[in-house]
Amino acid sequence: KQAQLESMIREWKRLQIPLVKRSYCYSGMRLVSMGIALFLLIYANQNNEPFAYILALFLFLFFLFLVHRHQQLKEQLKQYDAMIEVNQKLCRRMDDAWKKETSDSACLDEDMISYDLDLLGPNSLYQYLNFAATPYGKKRLIALLQGEDDTIDAIRRRQEAIAELLDQKDFLLALESGGVRFAQDSHRFQEKDMAFLIDYANQGSTSFPMIFVSISA
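Residues numbered from 1 in each chain as written. Predicted model: local features only at pLDDT ≥ 70, side-chain atom pairs only at ≥ 80, totals over all residues. Heavy atoms only, no water.

A. A look at the overall build of the protein. Within the protein, the regular secondary structure consists of nine helices and zero strands. Helices (α) and strands (β) of the protein occur, in sequence order from the N terminus, as α-α-α-α-α-α-α-α-α. Expressed as a percentage of its 217 residues, the buried residues of the protein come to 31%. Long-range contacts, defined here as pairs at least 24 residues apart, represent 60% of the contacts in the protein between residues at least 6 apart. Here the protein has roughly 14300 Å² of accessible surface; of this, 59% comes from carbon and sulfur atoms. (Helix = DSSP H or I, 4+ residues; strand = E, 2+ residues; numbered from the N terminus. Buried < 20%, exposed > 50% of the residue type's maximum accessible area, 1.4 Å probe, protein only. Contact = heavy atoms within 4.5 Å. Areas by Shrake-Rupley, 256 points an atom, 1.4 Å probe, with all protein chains shown as cover.)

Structural data, given as structure tokens:
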């Protein structure tokens, strides 16, 4: 399993190489096209040359086209980075490397059960299981590990959901990489609850898979 994950990581990194080269190319073309357009505008203004104005307008439109394509390309690269990060995190779960990850679940002094059973805190079950991207998801995982909503029916529903998701590898990868992308963007926002997550997804961000909407709602 680990060899398969590492193979996928290598393949995604290989696919990134031509995209990175194209990204540098787009950056250079944007700079050149805008520079020439500005030069033509100055020349047209000083010499009253309508044809120079037309060329400057054409180059400006070409610049906008390059900006759009470059943004799409950067989104592709970010998506590959997110998928690589997810698989690297899975690989770390197959040895003790996951213990080096930063834990964001403090175990309260009075919570002796969570401490004794290593449910929370460094090198805990929470740290091993945590793939949550939102504060809500992290709090929910902590609550479940501490026994919240531990009725038989609730446990069975979660078991059924897990069994169904085990056969949906592409969906899980899209979900987890979407979480990575959201975590990368979340520093720009102050409100970090589920309602905001749904609003953010509904904005149609190209960096946010819409599957999050159906899951969160």
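B. Representation of the packing of aromatic side chains in the model. Evaluated as defined, the whole model comprises three aromatic pairs. Between the aromatic rings of Phe60 and Phe63, the centroid separation amounts to 6.5 Å while the plane-to-plane angle is 25°, which identifies the pairing as stacked. Remark: Phe63 and Phe60 occur in helix α2 (residues 50–92); sequence separation between them is three residues, near one turn of the helix. The class for Phe63 is buried, based on a relative accessible area of 16%. Residues Trp98 and Tyr128 carry aromatic rings whose centres are separated by 5.2 Å and whose planes lie at 80° to one another, so their mutual orientation is edge-to-face. Placement of the pair is Trp98 in the loop between α2 and α3 (112–116) and Tyr128 in helix α4 (residues 125–129), with a sequence separation of 30 residues. Relative accessible area serves as the criterion here: at 9%, Trp98 is assigned to the buried category. One Lys or Arg, Arg93, reaches over the ring of Tyr128 and ends 5.8 Å from the middle of that ring. (Phe/Tyr/Trp six-rings, centres within 6.5 Å; stacked < 30°, edge-to-face > 60°. Lys NZ or Arg CZ within 6 Å of the ring centre and 35° of its normal.)

C. Broad picture of helix α1 (residues 2–47). Compared with an ideal rise of 1.5 Å per residue, which puts 46 residues at 68 Å, α1 spans 67 Å between its outermost C-alpha atoms and is within 8% of the ideal. Along its length, α1 reaches its greatest deviation from straightness, about 25°, at Ile17, and the proline Pro18 lies no more than four positions downstream. Burial in α1 covers these residues: Leu5, Ile9, Trp12, Gln16, Leu19, Ser23, Tyr26, Ser33, Ala37, Leu40 and Ala44. Summarising the contacts, the buried residues of α1 are in contact with α2 and α7 (169–185). (Expected span 1.5 Å × (residues − 1). Bend = angle between axes of the 7 residues up to and from the residue.)

D. The arrangement of the confidence of the model for the protein in detail. Of the residues in the protein, 81% reach a pLDDT of 70 or more, and the chain-wide mean stands at 81. Predicted confidence for residues 206–217 stays below pLDDT 50, and this span has 28 contacts to residues more than four positions away or in other chains. (pLDDT = per-residue confidence, 0-100.)

E. The arrangement of the nonpolar core in detail. Counting 16 residues, the largest nonpolar core has Trp12, Leu19, Tyr80, Met83 and Leu173 as its most contacted members. Elements with a contribution of two residues or more to this core: α1, α2 and α7. Among the elements that line this core, the one with the most residues is α2, at nine residues. If we skip the residues at most four places from it in the chain, Trp12 touches Tyr80, Met83, Ile84, Asn87 and Leu173. (Core = buried A, V, L, I, M, F, W, Y, C linked by side-chain atoms within 4.5 Å.)

F. View of the side chain of Lys89. Relative to the elements of secondary structure, Lys89 occurs in helix α2. Look at Lys89 and you get buried, because its relative accessible area is 19%. Here Lys89 is in contact with Glu101, Asn130 and Phe131, once residues within four sequence places are set aside.

G. Seen up close, the environment of Gln127. Residue placement: Gln127 occurs in helix α4. A distance of 3.1 Å separates a polar side-chain atom of Gln127 from the backbone oxygen of Trp98. (Polar contact = N/O pair within 3.5 Å; in protein donor to acceptor, adjacent residues only side chain to side chain.)

H. Quick peek at the packing of α1 against α2. The N-to-C vectors of α1 and α2 enclose an angle of 160°; their axes lie 7 Å apart at closest approach. In terms of orientation, α1 and α2 fall into the roughly antiparallel class. Along this stretch, α1 crosses α2, giving a crossing that reads as left-handed. Residue composition of the contact of α1 with α2, grouped by class: 33 nonpolar, 10 polar and seven charged. (Axes fitted to C-alpha atoms, helices over the stretch in contact; angles between N-to-C directions. Parallel < 35°, antiparallel > 145°, perpendicular 65-115°, else oblique. Left-handed = near helix turned anticlockwise from the far one by under 90°. Nonpolar A, V, L, I, M, F, W, Y, C, P; charged D, E, K, R; others polar.)

I. Just the pattern of salt bridges, in detail. If you walk through the whole model with that rule in mind, you get two salt bridges. A salt bridge links Glu11 to Arg14, with the nearest nitrogen and oxygen atoms 2.6 Å apart. With Glu11 and Arg14 both in helix α1 and three residues apart, this pair spans about one turn of that helix. One salt bridge in this structure joins Glu75 and Arg181, with 2.5 Å as the shortest N-O distance. Of this pair, Glu75 sits in helix α2 while Arg181 sits in helix α7, placing them 106 residues apart in sequence. As far as the burial class goes, Glu75 and Arg181 line up, both buried. (Salt bridge = Lys/Arg side-chain N within 4 Å of Asp/Glu carboxyl O.)

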